[in-house]
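Read off the chains here:
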Amino acid sequence: MKDRISRRGVIGLGVGAAALSAVGRTQPSGGVGFAVVGLGKLAQGQIIPGFANCRNARLAALVSGHPEKANRIAAEHRLPSSAVYNYDNFDRIAADPEIDVVYIVLPNFLHAEYTIRALKAGKHVLCEKPMATTVSDAEAMIAAAKVANRKLMIAYRCHYEPLNLEAMRRVRSGSLGKPRLVITKMVRQSDLSDPSDAWRLDMHQSGGGALADMGIYGVSGARYLLDEEPVEVRATARTNRNDPRFKTVEDLIAWEFRFASGAIAQGSTSFDAADEMAFEVIGQHKRLVADPGCFYNGNHLYQWQGGSRAEIAVHEIDQFAREMDWMADVVRGRAPLVSPGEEGLQDMRLMHAILESVGRDGAAVSTNWGYRRAVDPAMAVA
Ligand code: NDP
């Protein structure tokens, strides 16, 4: 007797979870089904492997412009050919009951279109950061989720990651004293000959080069570390326009957010610097240093008091599995939406304000829009 393999799990005799895991697919029967859209570096390197570590989320479908690649990955994960879609027949996902959530892992300029199409198809959406390339696209995505009555979550993995959560909790606890200064450094080298970087180095396709790719972690990080929104920003950029990478995007940007509490956040980003994703919170009495703080793994958190440093042990997890499981819990009504579209929109507005200040020679730009996050990630429980 041949086992029937449903995309919700294995029905029949002889093939169990162990056999599935042996081919790299450990998926709970009846889990929340995800369609992954765009099979590039992040999808293949982190997201698709991450399903093996999920409790509630399972890979249900793939969407790609390259059928050979998509069919190969589908076969590796025991998905039938009916689970492979392309960008032309994408809207047919509406009739696919296996798909509950669409995970958008496309270049930034395509996020809005595919998010809105997925919502119109009646699916929930998990969308990679930055949520869009323009503020108006981000607003349209939020509006579409409301009309469709579906969840829109932005894939901010650090909102769900133990080290970042520990840092938030320590700041909230008051153990550092009043937080005075947050410093974020989110930089890396870029390579125009890498197709995955080529669109990031195009203003239209990325929405802001290094700022939209890396700097966003510092923009978002300052806000969640302080649990406060900046009221003003000043920014400056240093960009070599003779470098072919920086024809349309800025390279090195440094900004300063001012907060009503008196705290200041200094952020920097670049696409021409040694890899670094680090942050620091300096309180009146102690400081926290996360260096690195936002890599996929190998992060370290230290607390400094005077000249003495203590490392804070933090459990390392598969950040993508955690985030996908959280989305699955949101869909099932078991967890609050910690990083909704509104969170992504606030970062879009702030990045826009940073670029506006750069364009106005560092003039102060008000960011006092009255936004307040609905759920503090440090307090959220799934
Ligand atoms: P890649 O360029 O490696 O992959 C994007 C994929 O999108 C392509 O492989 C392709 O897949 C598909 N695609 C469809 N149309 C186009 C097009 N016109 N040009 C290029 N690709 C297209 O990007 P990444 O995987 O590195 O990044 C994808 C998204 O994930 C971005 O929004 C990025 O910001 C985000 N990201 C988030 C990270 C995080 O830590 N949260 C880390 C890295 C990226 P196919 O051939 O299957 O159609």
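Check the entry above for the structure.
The structure presented is a predicted model; accordingly, all values stated were derived computationally and were not measured.

Novice: What is the right way to look at helix α4 (residues 111–120) in this model?
Specialist: Two residues of an α-helix separated by three or four positions point the same way, owing to the 3.6 residues in each turn. Counting buried residues along α4, 7 of its 10 residues qualify, which places the element largely inside the surrounding structure. Residues of α4 that are buried: H111, A112, Y114, T115, R117, A118 and L119. Of the surrounding secondary structure, the elements contacted by the buried residues of α4 are β6 (101–104), β7 (124–127), α5 (135–148) and β8 (152–154). Two residues or fewer after α4 comes G122, characterised by a positive phi angle close to 85 degrees.

Novice: How should I be thinking about the nonpolar core in this particular structure?
Specialist: One recurring pattern in soluble globular proteins is that nonpolar side chains are buried together. Ranked by internal contacts, the top residues of the largest apolar core, which has 112 residues, are F34, V36, M131 and F257. No other element matches the 10 residues that helix α9 (residues 209–226) contributes to this core. Apart from the residues within four sequence positions on either side, F257 is in contact with V219, A222, P230, E232, V233, A263, I264, A265, L350 and I354.

Novice: Would you mind going over the environment of N299 with me for this structure?
Specialist: Assignment of secondary structure puts N299 in the loop between β14 (287–290) and β15 (301–305). According to the relative accessible area criterion, N299 is buried, its value standing at 12%. With 21 residues separating them in the primary sequence, N299 and A278 have C-alpha atoms 9.0 Å apart. Ignoring anything within four residues of it in the chain, the contact list for N299 reads L163, P292, G293, C294, E316 and Q319. At a separation of 3.4 Å, a polar atom in the side chain of N299 contacts the main-chain amide nitrogen of C294.

Novice: Help me understand helix α10 (residues 319–331), please; the structure alone is not making it clear to me.
Specialist: If you check α10, its first and last C-alpha atoms are 19 Å apart, about what 13 residues at 1.5 Å a residue would give, namely 18 Å. For α10, the complete set of buried residues consists of Q319, F320, A321, E323, M324, D325, W326, M327, A328, D329 and V330. Tucked inside the fold, the buried residues of α10 contact β3 (32–37), α2 (41–50), β4 (57–63), β6, β7 and β8. Looking at where α10 begins, the residue whose side-chain oxygen comes 3.0 Å from the main-chain nitrogen of F320 is D318. Just downstream of α10 lies G333, where phi reads positive at about 75 degrees.

Novice: Help me understand the packing of aromatic side chains in this model?
Specialist: A ring pair, where both rings are aromatic, is described by two values, the distance of the centres and the angle of the planes. Per the counting criterion, the structure on display carries 7 aromatic pairs. Centre to centre, the rings of Y296 and F320 are 5.3 Å apart; their planes meet at 80 degrees, and the pair counts as edge-to-face. With a gap of 24 residues between them, Y296 in the loop between β14 and β15 and F320 in helix α10 connect regions that are remote in the sequence. The exposure class of Y296 is partly exposed, given its relative accessible area of 35%. F320 gets classed as buried once you look at its relative accessible area, which sits at 3%. In textbook terms, an aromatic cluster arises when at least three aromatic residues are bridged by ring pairs, as seen for Y87, F90 and Y114. One Lys or Arg, R309, reaches over the ring of Y302 and ends 4.0 Å from the middle of that ring.

How each quantity is defined
- Residues numbered from 1 in each chain as written.
- Predicted model: local features only at pLDDT ≥ 70, side-chain atom pairs only at ≥ 80, totals over all residues.
- Heavy atoms only, no water.
- Buried < 20%, exposed > 50% of the residue type's maximum accessible area, 1.4 Å probe, protein only.
- Helix = DSSP H or I, 4+ residues; strand = E, 2+ residues; numbered from the N terminus.
- Contact = heavy atoms within 4.5 Å.
- Core = buried A, V, L, I, M, F, W, Y, C linked by side-chain atoms within 4.5 Å.
- Polar contact = N/O pair within 3.5 Å; in protein donor to acceptor, adjacent residues only side chain to side chain.
- Expected span 1.5 Å × (residues − 1).
- Phe/Tyr/Trp six-rings, centres within 6.5 Å; stacked < 30°, edge-to-face > 60°.
- Lys NZ or Arg CZ within 6 Å of the ring centre and 35° of its normal.

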